[in-house]
Amino acid sequence: MKKLTLILASAFIAASIFASGGKEKSTGKPQLVKIGVTGAMYDDIWAPAIASLAKEGIQVQLVQFSDYVQPSRALEDKEIDLHACLSRAFFESEVKSHNYHIQRIANTLYVPLKLYSVKIKSTAALKAGDIIAIPNEATNEGRALKLLASAGIIKLKEGAGFNPKLDDIVEIPSGAVLKQFASNVIPSTLVDVTAAIINGGYALDFGIDPETAIATETKPDTAYWNLIAARTEDLSDKNKVALFDKVSKAFQVEATKKVFDEKFKGYFQQVGWDIDELKEYK
């Protein structure tokens, strides 16, 4: 009886394979990876990687956040699996401030910080009383002040350090006034202020042409490279490490660079793609 049952089962399987053209049908569901981002630009930037990963049975879902603070909190709280929208400097500041258990696993891109205006054509036109909007988040504030200093708009005291504060300003030759806002609010203030420092993603989301900037960062300091981050606890799981490695490598390809160059006219730059941040966990 057992032998008959085995024969019948084997016959059924063989018939099923024959009916399906000799291929067994997979009933496994795609692996879902939720990645936190800030800005519609990431839909285009991640499109090649998402299409490539889908062929390997990995479904990537981009989760949009309205500011740079929320993604790390969401990652810590296990609402997403990864995030890919913060600079190293901002990310490390968030981790230190909130004691998050998350870390960098890959590098993605560099987005130059820029100064925009719809009222003046150059920084030389700034005059006393003109308002310049700058970000109020610690690392973005310091980055903005360094940009203004490099453009000759302000002078910082000697030894101001990597991340200067407003108190480090010793002179504003034009007499302009610096006013702070949250980064995601600044684009909407552009019509009311004389000039504004706007992060790249927000500038693009508001339809601001990067070519119209009147001052820009010129050096891609490694502290301002954007990254992909994961929870530290997940890196003890070899399967998750392998999955995250596939996601990272799917992003770090020529097709993504093509989006940088063609869709965004070189506004974004690839950085650190040759660095294997997951090496010690494999």
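Notes on the structure follow. (Residues numbered from 1 in each chain as written. Predicted model: local features only at pLDDT ≥ 70, side-chain atom pairs only at ≥ 80, totals over all residues. Heavy atoms only, no water.)

## Looking at the side chain of E217
Argument step 1. Relative to the assigned elements, E217 resides in the loop between β11 (215-216) and β12 (225-231).
Argument step 2. E217 gets classed as buried once you look at its relative accessible area, which sits at 12%.
Argument step 3. Here the side chain of E217 touches Y110 through a polar contact of 3.0 Å, side chain to side chain.
Argument step 4. The residues touching E217, leaving out its near neighbours within four places in the chain, are Y110, V111, P112, L113, R143, L147 and Y224. (Helix = DSSP H or I, 4+ residues; strand = E, 2+ residues; numbered from the N terminus. Buried < 20%, exposed > 50% of the residue type's maximum accessible area, 1.4 Å probe, protein only. Polar contact = N/O pair within 3.5 Å; in protein donor to acceptor, adjacent residues only side chain to side chain. Contact = heavy atoms within 4.5 Å.)

## What to know about the layout of surface pockets
Argument step 1. Its boundaries defined by the atoms lining it, the largest pocket holds a volume of some 230 Å³.
Argument step 2. For the largest pocket, the lining is made up of 17 residues, of which P210, E211, F264, K265 and Y267 are closest to its centre.
Argument step 3. Classifying every residue of the lining of the largest pocket gives six nonpolar, four polar and seven charged.
Argument step 4. Lining the second largest pocket, in full, are R143, K146, L147, S150, T216, E217, T218, K219, D221 and Y224. (1 Å grid on protein atoms, 1.4 Å probe; cavity = no way out; pocket = protein on both sides within 12 Å on 5 of 7 lines; lining within 4 Å. Points joined across faces, edges and corners; volume = space filled by probe spheres on them. Nonpolar A, V, L, I, M, F, W, Y, C, P; charged D, E, K, R; others polar.)

## Thoughts on the environment of W273
Argument step 1. On the secondary structure map, W273 appears in the segment after β13 (269-270).
Argument step 2. If we ignore the near neighbours within four places in the chain, the residues touching W273 are N107, T108, F251, Q252, V253, T256, K257 and F260.

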